[in-house]
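As a plain string of letters, each chain reads:
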Amino acid sequence: MADYRWKFDSDRLIEFLELLIKDAGKKVFLILDNLRVHHSKPVKAWLEENKEKIECFYLPSYSPKLNLEERLNSDLKQAIGSKVPVRNKEKLRNAANDHMTKLEKNPERVASYFQDPLVKYAA
């Protein structure tokens, strides 16, 4: 399970993008929200250098209903909220990691996020 304590910055995003295209075998089309780091100069430069391998499309600003990631966030919040309240960072981290591990083992649940008509564009 990944460690989510580090800061998400341009270097982390570029590292992710490199892994995404590494063995893709064809051009990758990626949908992103408008997080500032997604539009940073280093990321734009990297995308320009790799435009034959990857192309990014950005969701409209302030459109959480179109953002598939919000389905995961909602699922996670509901799962954690239905348990005994977590009152410190360690317990919250453990509860989140437990739920994410369960999701890793249940791809059908993750696939169900794509069934909402507003996000079927990503299916």
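Use the structure listed above.
To keep things clear, this report deals only with the structure shown in the data block.

Scoring rules and cut-offs
Residues numbered from 1 in each chain as written. Predicted model: local features only at pLDDT ≥ 70, side-chain atom pairs only at ≥ 80, totals over all residues. Heavy atoms only, no water. Helix = DSSP H or I, 4+ residues; strand = E, 2+ residues; numbered from the N terminus. Contact = heavy atoms within 4.5 Å. Areas by Shrake-Rupley, 256 points an atom, 1.4 Å probe, with all protein chains shown as cover. Lys, Arg positive; Asp, Glu negative; His and termini not counted. Charge placed at Lys NZ, Arg CZ, Asp CG, Glu CD. Core = buried A, V, L, I, M, F, W, Y, C linked by side-chain atoms within 4.5 Å. Buried < 20%, exposed > 50% of the residue type's maximum accessible area, 1.4 Å probe, protein only. Phe/Tyr/Trp six-rings, centres within 6.5 Å; stacked < 30°, edge-to-face > 60°.

1. Topic: the overall build of the protein chain
Secondary structure assignment for the protein chain yields five helices and two strands. Taken from the N to the C terminus, the helices and strands of the protein chain come in the order α-β-α-β-α-α-α. A principal-axis box enclosing the C-alpha atoms of the protein chain has dimensions of 50 × 35 × 30 Å. In the protein chain, the share of contacts with a sequence separation of at least 24, taken over all contacts with a separation of at least 6, comes to 69%. Working note: accessible area of the protein chain is about 9,400 Å², and carbon and sulfur atoms make up 54% of it. Mean positive and mean negative side-chain charge positions of the protein chain (23 and 19 charges, respectively) differ by 5 Å.

2. Re the nonpolar core
One finds Leu13, Ile14, Leu17, Ile21, Val28, Leu30, Leu32, Val43, Trp46, Leu47, Ile54 and Cys56 forming the largest nonpolar core, which totals twelve residues. Elements with a minimum of two residues in this core: helix H1 (10-22), strand E1 (28-32), helix H2 (41-49) and strand E2 (54-58). With four residues, the top contributor of residues to this core is H1. Residue contacts for Leu17: discarding those within four places in its chain leaves Leu30, Val43, Trp46, Leu47 and Ile54.

3. Brief notes about the packing of aromatic side chains
One pass over the structure, following the stated rule, counts one aromatic pair. Arranged with centres 6.2 Å apart and planes meeting at 35°, the rings of Phe29 and Phe57 form a pair that is tilted. With Phe29 in strand E1 and Phe57 in strand E2, this pair connects stretches of sequence that are 28 residues apart.

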